[in-house]
Amino acid sequence: MKLDETINAKPPTDRQIASAYKSASERFAAIGVDAEAAIATALATPISVHCWQADDVAGLEAPDESASSGGIQATGNYPGAARTGDEIRADFEQAASVIPGSLRFALHALYAETGGEEVARDEVGPEHFATWMDWAEDHGWGLDFNPTLFAHPLADDNLTLSHHKKSVRDFWIRHCIASREIARAMAKRSGECVNNIWIPDGVKDSTVDRGGPRRRLIKALDEVLAKKMTGVVDVVESKLFGLGVEDYTVGSHEFYLGYAISRGIGICFDTGHFHPTESVGDKISAVTPFVSKILLHLSRGVRWDSDHVTRFNDEIRMVCDEAVRSGAMKQLRWATDFFDASINRLAAWVIGLRSVRKGLLYAMLEPWQAAAEAERTGDGAAKLALQEMRSELPFGAVWEQACAVSGVPGSPNWLREIKQYEATVLSQR
Ligand code: RNT
Ligand code: ZN
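Residues numbered from 1 in each chain as written. Chains lettered and ligands numbered in written order. Predicted model: local features only at pLDDT ≥ 70, side-chain atom pairs only at ≥ 80, totals over all residues. Heavy atoms only, no water.

(A) The coordination of the zinc ion (ligand 2), seen in detail. The protein atoms donating to the zinc ion (ligand 2) are Glu237 (OE), Asp270 (OD), His297 (ND1) and Asp337 (OD), with metal-donor distances spanning 2.1 Å. Coordination at the zinc ion (ligand 2) is octahedral, judged from the six donor atoms that bind it and the angles of 68 to 168 degrees they form at the metal. Written as a sequence motif, the donor arrangement for the zinc ion (ligand 2) is E-x32-D-x26-H-x39-D. Of this pair, glutamate 237 sits in strand β6 (residues 232-237) while histidine 297 sits in strand β9 (residues 294-298), and the two are 60 residues apart along the sequence. Like histidine 297, glutamate 237 is buried. (Donors = N, O, S within 2.8 Å, 3.2 Å for Na, K, Ca; no water. Tetrahedral: all angles 85-135°; square planar, octahedral: opposite > 155°, others 65-115°. Helix = DSSP H or I, 4+ residues; strand = E, 2+ residues; numbered from the N terminus. Buried < 20%, exposed > 50% of the residue type's maximum accessible area, 1.4 Å probe, protein only.)

Here is the structure:
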């Protein structure tokens, strides 16, 4: 079958979905799994969608500061990137209409809307996010926030909160405090706002002073976090390396883990920020006894790039499985973080978000207690057999039911809707 015919293939009827689901749920019930409950929990888990996929992390600042920088880079020039806040909002509404389940929306400080006026990063306030807040509230989406410590002349040397110059450090400290105020205003609307601090700070080659920047970063973060802010969940995001800062990252995993534990704040694990054989899934039960909140930045690392579109792959399945099995769900906050400028950006959002939601559902359908018993009792073969069984169960039928109950099309029919939006809206940009 040709591509066009496949995309336009006749979708299953409601009756077909319902009857496939009925027999699937019986299969799951036979092994002690309640598919109905799995669907409900998977759909109710909020996933915070990153705004920056819409415009390749360009932002809305006036005048436009340098593109991304800071060791991150969106590659590709697929037409149709959003150019204004209104376009980002319209694009997200369209994407969200084919993403099942509860969503939030994550903004970066460089998405401030200042009406064309130049507002320095250390002077941004909740008023510059009023349109975002009203819009999100209208749709029932809570907002999360990120200070932006890149794409700025004072970050050109890839040093911000750890800079040796006090004036530069102080500028970024003021920016981070201003960002927490914005996060507090967002939390007021929806009860909670995760404020994630990621900084690009690092050194390209053969670093000599590894301690100095870290000592400065500790002091800077202490100043940023000095004031208690109701509803704000503060988290810090580590990274292995970035483009141009290959040798040394000030905010490494060990550094932030120690910082978060000692200060009683949360931590962010980005699935693209670790050595390729390390697993974020494994870190969940290792860290939740010591850190109250973990923000998960779900992404997909490919060689040097940490930000390919999230897929339903081993890493995502492991993170979701561990979230369920470890009983740490309440401590976790789910978010996406990728930017692909080489494909339809709405489709990137949809594929990434649907993949995370699938991971959650897949994890909630696992008869993991039986597998754990096999592990305890030394029955390794049974454990493997049960894990293999997962791929033989009718997961797809339960997923299609989850899409149906949340009123969104299955695959590949959602792609038709996105392609139509591309033809009528994105192609006009
Ligand atoms: C960068 C971090 C960070 C950014 C966003 C734009 O490597 O992952 O989270 O992707 O803040
Ligand atoms: Zn990230």
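(B) Structural view of the side chain of arginine 89. If you trace the backbone, arginine 89 turns up in helix α4 (residues 85-96). Residues in contact with arginine 89, not counting those within four places in the same chain, are Glu113, Thr131, Trp132 and Trp135. (Contact = heavy atoms within 4.5 Å.)

(C) Region of the structure containing the packing of aromatic side chains. Across all of its chains, the model carries 17 aromatic pairs by this definition. Summarising the aromatic geometry, the rings of phenylalanine 92 and phenylalanine 105 are spaced 4.5 Å apart at their centres and angled 45 degrees between planes, so their arrangement reads as tilted. Remark: phenylalanine 105 occurs in strand β2 (residues 103-108) and phenylalanine 92 occurs in helix α4; sequence separation between them is 13 residues. The ring of tryptophan 132 is capped by arginine 89, whose NZ or CZ atom sits 4.6 Å from the centre of that ring. Lying over the aromatic face of phenylalanine 312, arginine 317 brings its terminal NZ or CZ to 4.9 Å of the ring centre. (Phe/Tyr/Trp six-rings, centres within 6.5 Å; stacked < 30°, edge-to-face > 60°. Lys NZ or Arg CZ within 6 Å of the ring centre and 35° of its normal.)

(D) Just unusual backbone geometry, in detail. Cis geometry marks the peptide bond from serine 411 to proline 412; its omega dihedral reads -5 degrees. With respect to the helices and strands, proline 412 occurs in the loop between α14 (395-405) and α15 (413-424). A positive phi angle is found at aspartate 56, which is not glycine, with a value near 60 degrees. Following the sequence through the fold, aspartate 56 ends up in the loop between β1 (47-50) and α4. Accessibility expressed as a relative area gives 18% for aspartate 56, which makes it buried. Within the chain, valine 57 stands out as a residue other than glycine whose phi angle is a positive 60 degrees. With respect to the element layout, valine 57 can be found in the loop between β1 and α4.

(E) Representation of the site of ligand 1 within the structure. Trp52, Ile72, His108, Phe150, Trp198, Glu237, Lys239, Asp270, His273, His297, Asp337 and Phe339 make up every residue found near ligand 1. Within the side chain of histidine 297, a nitrogen or oxygen atom sits 3.3 Å from an oxygen atom of ligand 1. Aspartate 337 is positioned such that a nitrogen or oxygen atom in its side chain is 2.8 Å from an oxygen atom of ligand 1. The fraction of the free accessible surface of ligand 1 (310 Å²) that becomes covered by protein chains is 100%. (Near = heavy atom within 4 Å. Polar contact = N/O pair within 3.5 Å; in protein donor to acceptor, adjacent residues only side chain to side chain. Areas by Shrake-Rupley, 256 points an atom, 1.4 Å probe, with all protein chains shown as cover.)

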